[in-house]
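Inside the fold
What follows is the residue order along each chain.
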Amino acid sequence: MDEEERGVGISVPRVVAANQTPEQLVSRAIAPVKKEFLRPPPVRSSAPDDDVSIPNENKTSVLAKEKKSKRQLKRERRQVQKSAKNLCPQIAKTGDVSSCPYKDKCRFSHDLEGFKAQKPSDLDGQCPFVKSGVSCPYGLTCRFSSTHEGGVPSCVRNGPKNSSEVNGLSKEVQKLLWKNKMTFSKADAKLKSLGLLGSSKSIRNDLENKEGVDTGSNKCDHSDDSGSCVVTSDSGSKLDCPAEVMKDGENDIDGKSESDELCPLKRRKTEENCGPEEAQNEENCGPKESKNEGVTEKIVERRCTKSEADAIVPETDLSLKPHSREKKLIDFRGKLYLAPLTTVGNLPFRRVCKELGADVTCGEMAMCTNLLQGQASEWALLRRHSSEDFFGVQICGAYPDTVARTVELIEQECTVDFIDINMGCPIDIVVNKGAGSALLTKPTRMKSIVEVASGTVDKPITIKVRTAYFEGKNRIDSLIADIGSWGASAVTIHGRSRQQRYSKLADWDYVYQCARKAPTTLPVVGNGDVFSFVDWNNHRTECRELATDMIARGALVKPWIFTEIKEQRHWDISSGERLNILKDFVNFGLEHWGSDTKGVETTRRFLLEWLSYTCRYIPVGLLDVVPQRLNWRPPSYYGRDELETLMASDSAADWIRISEMLLGKVPDGFTFAPKHKSNSYDRAENG
């Protein structure tokens, strides 16, 4: 993913930091800031209803948002949609009220004068689309519309919003996914050859349950903790709904099940296993009679969509097939690999890292089930910019069938260099569904997922794991010799267990041990606490078998770490240079999310999420001991100028001030709390 959490941002009292030597501070994981820059911690009121002081006379309370029901949120969206703020895109492009083909039936507002009256003032600078040489697709709604040449651009002149971005989901494919009519011939054939494809009986039961018909043997239970529909058999076991999913053993999280082998599935009757007469009857027979004709028709339709997969016979002459290693070679050796980072590792951030020296980039973790459902928000995580010349996507799934169909769909719809399967995500909502780190307790299922994924597509399949599920029970070293034979082209090992999450330092000695045990054909990538070129060099020196290191939180705190590694120096970057990096991010964000009001505020939100990490950086010129370590707690200190002091603040109010320097005033009633609040002051202003 990886969902990168912070260490708790505790301010160290000045008297403690001033009265100890740098060596004593480092031993206590306190950053040894030079004494002349130390200052007392800022005084903060403990009153829960304190407002945060915002510059530019725009005082806003950033208390945590009140939770609203889905119905209330839907009602508010409709009200906003009908208001003058939500101008029809066609009218915004042309400036002509009569240009909308839907007229009065349009769901957007046609009140052009009302929109102009309430539109916020334009932002400073030039429209990012005009700057890149294309016409702005937002027209009047653009927050830089005053910089458009000739006023409102015509509809003909408008170019694509993101012509340099690829990997979008077409509407035709999305509709097929919505209606569950998408066929996955390659995935189903591979699942069938491995004995992982469900029987037609489970399909029928699934459809009957979907229509609300109780067959007596299976029933649909919607009370699953994960919120997904589950088919429960009389024996009490659960099957995914809808689906042909493999049955697994007892899904105990500690992995101590009676059997970790797959249950045998019912085979289709053929001449080989049941005789010619019985096979002929099986082929000629129609669907079983049902009391509900509508359900029967749907069963027939569903079976027809699977006929292509049934007709495919797995290739038995393996001598004619190229070995998986012959077509799935991928070279990570020595390359600077930016880890897939949830929320902050978005496309604009990856563009920033590419400009600062990253070689390999990977999209944010996407859930297989959401991709197969055609969710646009999930497919947005797979977007790729043209500057990402070595790019992969990361997916997360719990079962071989969902992963196989997802990788086939990605290969069909996207342009990627490799597909990474996350088997190390520690987040509860993922683990509870049997994905992420939960797979570490199911080596048989890990093998099935990798085998079926690598056998379905020609793209290299890589996996990302942690050392183990439970602390002190490492198990990757016992699997590393087999992972390559499963079909994986590379494996990334994060030197922490799932139970450990992000506490303590990564266990690199264990990563080295696994790298030395791995076959020479399987590249091993290390991950954890790389925060300087010194860390990078140490790992290269201590273990030559490592292909490279994956850089995660180090890139969030200081994205110029890629420049430092390539130039082999500690960059004492100035506050002005850091601000220019933030400006680049904002420009990339406006190109990606849009230059209208909604796009501006989306860019602001992701900027603030990123600033909640960058505040942990301590300039090189302020430290007594270089380089900074990722687990050091910074004391309160003054920067060398006012901007550097502002960037060192871990208060959400100061992050908002920085965002206003780049994106103008925040709207009235604006609130912000980072998704992971452990690095912020624990008070009302941060939720």
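For the structure itself, consult the block above.
Here is a short report on the structure shown in this document. Note that the structure is predicted; figures quoted are calculated from it, not measured.

What counts as what
Residues numbered from 1 in each chain as written. Predicted model: local features only at pLDDT ≥ 70, side-chain atom pairs only at ≥ 80, totals over all residues. Heavy atoms only, no water. Salt bridge = Lys/Arg side-chain N within 4 Å of Asp/Glu carboxyl O. Helix = DSSP H or I, 4+ residues; strand = E, 2+ residues; numbered from the N terminus. Buried < 20%, exposed > 50% of the residue type's maximum accessible area, 1.4 Å probe, protein only. Patch = residues over 30% accessible without salt bridge, like charges linked within 9 Å, V, L, I, M, F, W, Y side chains within 5 Å. Areas by Shrake-Rupley, 256 points an atom, 1.4 Å probe, with all protein chains shown as cover. Lys, Arg positive; Asp, Glu negative; His and termini not counted. Charge placed at Lys NZ, Arg CZ, Asp CG, Glu CD. Pairing = 2+ DSSP bridges. Contact = heavy atoms within 4.5 Å. Axes fitted to C-alpha atoms, helices over the stretch in contact; angles between N-to-C directions. Parallel < 35°, antiparallel > 145°, perpendicular 65-115°, else oblique. Left-handed = near helix turned anticlockwise from the far one by under 90°. Nonpolar A, V, L, I, M, F, W, Y, C, P; charged D, E, K, R; others polar. 1 Å grid on protein atoms, 1.4 Å probe; cavity = no way out; pocket = protein on both sides within 12 Å on 5 of 7 lines; lining within 4 Å. Points joined across faces, edges and corners; volume = space filled by probe spheres on them.

1. Digging into the pattern of salt bridges
Per the counting criterion, the structure on display carries 23 salt bridges. Between lysine 566 and aspartate 359 there is a salt bridge whose closest N-O contact spans 3.0 Å. One end of the pair, lysine 566, is in helix α25 (residues 561-567); the other, aspartate 359, is in the loop between α15 (347-355) and β6 (361-367), with 207 residues separating them in the sequence. When the shortest N-O distance is used, the salt bridge between arginine 640 and glutamate 644 registers 3.1 Å. For arginine 640, a relative accessible area of 38% puts it in the partly exposed group. In this structure, a network of salt bridges that share partners links the residues Arg496, Asp529 and Arg553.

2. A short note on a negative patch on the surface
A cluster of acidic residues, Glu471, Asp507, Asp509 and Glu542, forms a negative patch on the protein surface. By the element assignment, aspartate 507 lies in the loop between β11 (490-494) and α22 (508-517). Residue classification places aspartate 507 among the partly exposed residues on the basis of a relative accessible area of 34%.

3. Examining the sheet that holds strand β5 (residues 337-338)
Here eight strands make up an open sheet; going across it, the order is β5-β13-β12-β11-β10-β9-β8-β6 and the pairing parallel. Taken across any chain shown, the strands that pair with only one partner, and hence form the sheet edges, are β5 and β6. When strand β8 (residues 391-396) meets strand β9 (residues 418-423), the two strands line up parallel, connected through four bridges. Counted as the bridge partner of valine 393 is isoleucine 419 from β9. Against the sheet, helix α18 (residues 400-413) engages β8, β9 and β10 (461-466), with an angle of about 155° to β8.

4. Describing the packing of α15 against helix α26 (residues 575-593)
Between α15 and α26, the least distance of the axes is 8 Å, while the angle of their chain directions is 135°. When the interaxial angle is binned, α15 and α26 end up oblique. When you trace α15 past α26, the crossing you get is right-handed. The segment α15 lies against α26, with Leu347, Pro348, Phe349, Arg351, Val352 and Glu355 engaging Ile581, Asp584, Phe585, Phe588, Gly589, Glu591, His592 and Trp593. Among the residues forming the contact of α15 with α26, the class breakdown is eight nonpolar, two polar and four charged.

5. Details of empty space enclosed by the protein
Following the criterion strictly, the structure yields six cavities of 30 Å³ or more and no others. The space that makes up the largest cavity amounts to roughly 100 Å³. Considering only residue class, the lining of the largest cavity consists of nine nonpolar, one polar and one charged. Empty space within the second largest cavity amounts to approximately 70 Å³. Lining the second largest cavity are 14 residues, with Asn527, Gly528, Asp529, Ala552 and Arg553 positioned closest to its centre. Secondary structure elements with two or more residues in the lining of the second largest cavity: β13 (548-551) and α24 (553-557). Its residues placed into classes, the lining of the second largest cavity shows six nonpolar, four polar and four charged.

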